[in-house]
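What the coordinates show
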Amino acid sequence: MKQISTPNAPAAIGPYSQGFITGGLLFTSGQIALDPSTGEIAGATVAEQAHQVMKNLGALLKAAGSSYEKTVKTTCFLADMEDFAAFNEVYGQYFTGRPARSCVAVKTLPRNVLCEVELIAEV
């Protein structure tokens, strides 16, 4: 098992890691719209925040030697299911390989962001 850590994605804000590789797979922690250079939330809309989430996931994928195309499963969390279409528009720009996915609405997310995504990818 190998821990993945990169300064190009936000540092963990609790007792967890950015991700782990085991059995040829990368498992990431959920990524929110934190800009790793400032520690601030990037964007006010779900689309703006989703782009930052995807950039953070991209940094973890790169650090692990993987890519969006090698992603096999994502789990997506939305603060409001009314944002589903706008979120999906951004999501589709990054995950062109169409990995398996779950998407659920939750009551609240860390720092009151609008979306969070975690993934599993081949390395």
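Throughout this document, residue positions are counted from 1 along each chain, in the order its sequence is written. Local features in a predicted model are, by the rule used here, given only for residues with pLDDT of at least 70; side-chain atom pairs are given and counted only at 80 or more, and totals for whole chains, interfaces and linings are based on all residues. Side-chain figures throughout are based on the complete set of non-hydrogen atoms in the structure, without hydrogens or water.

So, the pairing of strand E5 (residues 100-105)
Paired strands, as defined in this entry, are two strands with at least two bridges between them according to DSSP. Put simply, DSSP H or I for four residues or longer makes a helix, DSSP E for two residues or longer makes a strand, and each gets a number counted from the N terminus. Bridging between strand E4 (residues 71-78) and E5 involves six bridges; their strand directions are parallel. Across the sheet, Cys76 pairs through a bridge with Cys103, a residue of E5. Handedness of a crossover: with both strands directed away from the viewer, a clockwise path from the first strand across the helix to the second marks it as right-handed. You can see the chain leave E4, run along helix H2 (residues 84-94) and come back into E5, and the turn it takes is right-handed.

So, helix H1 (residues 46-63)
Expected span of a helix: the number of residues minus one, times 1.5 Å. The terminal C-alpha atoms of H1 lie 26 Å apart, and with 18 residues this matches the ideal 26 Å at 1.5 Å per residue to within 8%. Throughout this description, buried means an accessible area under 20% of the type-specific maximum (1.4 Å probe, protein chains only), exposed means over 50%, and partly exposed covers the range between. Where H1 is concerned, the buried positions are Val46, Gln49, Ala50, Gln52, Val53, Met54, Asn56, Leu57, Gly58, Ala59, Leu60 and Leu61. By the convention used here, residues are in contact when the closest approach between their heavy atoms is within 4.5 Å. In this fold, the buried residues of H1 make contact with strand E1 (2-4), strand E3 (25-28), E4, H2 and strand E6 (115-122). Of the residues trailing H1, Gly65 is marked for its positive phi of about 80°.

Quick look at the environment of Ser66
Counting through the fold element by element, Ser66 comes out in the loop between H1 and E4. A C-alpha to C-alpha distance of 14 Å links Ser66 and Pro99, two positions 33 residues apart in sequence. One polar contact links the side chain of Ser66 to the main-chain carbonyl oxygen of Glu122, over a distance of 2.4 Å. For the purposes of these results, a polar contact is taken to be a pair of N or O atoms within 3.5 Å, where, inside protein, one atom must be able to donate a hydrogen and its partner to accept one; residues adjacent in sequence count only when each atom of the pair is a side-chain atom.

Some details on the sheet that holds E1
The strand order across the open sheet built from six strands is E1-E2-E3-E6-E4-E5, with neighbouring strands paired in mixed fashion. The two strands at the open ends of the sheet, each matched to only one other strand, are E1 and E5. Each neighbouring strand pair of the sheet contributes to a mean axis angle of 15°, computed without reference to strand direction. Strands in contact with H1 are E1, E3, E4 and E6; relative to E6, the strand with the most contacts, it is inclined by about 25°. Orientation is described by lines fitted to C-alpha atoms, with helices fitted over the stretch in contact, and by angles between N-to-C directions that extend from 0 to 180 degrees.

Concerning the nonpolar core
Within soluble globular proteins, side chains that are nonpolar generally end up buried alongside one another. Formed by 27 residues in total, the largest nonpolar core has its most connected members in Met54, Phe87 and Phe95. Ranked by residue count, the leading element in this core is H1, at eight residues. Ignoring any residue separated from it by four or fewer positions in sequence, one finds Phe95 in contact with Met54, Leu57, Tyr68, Thr71, Thr74 and Leu119. Buried Ala, Val, Leu, Ile, Met, Phe, Trp, Tyr and Cys residues form a nonpolar core when they are joined through side-chain atoms within 4.5 Å. Core analysis: the next-biggest nonpolar cluster, separate from the first, contains five residues, Ile32, Leu34, Phe77 and Val113 among them.

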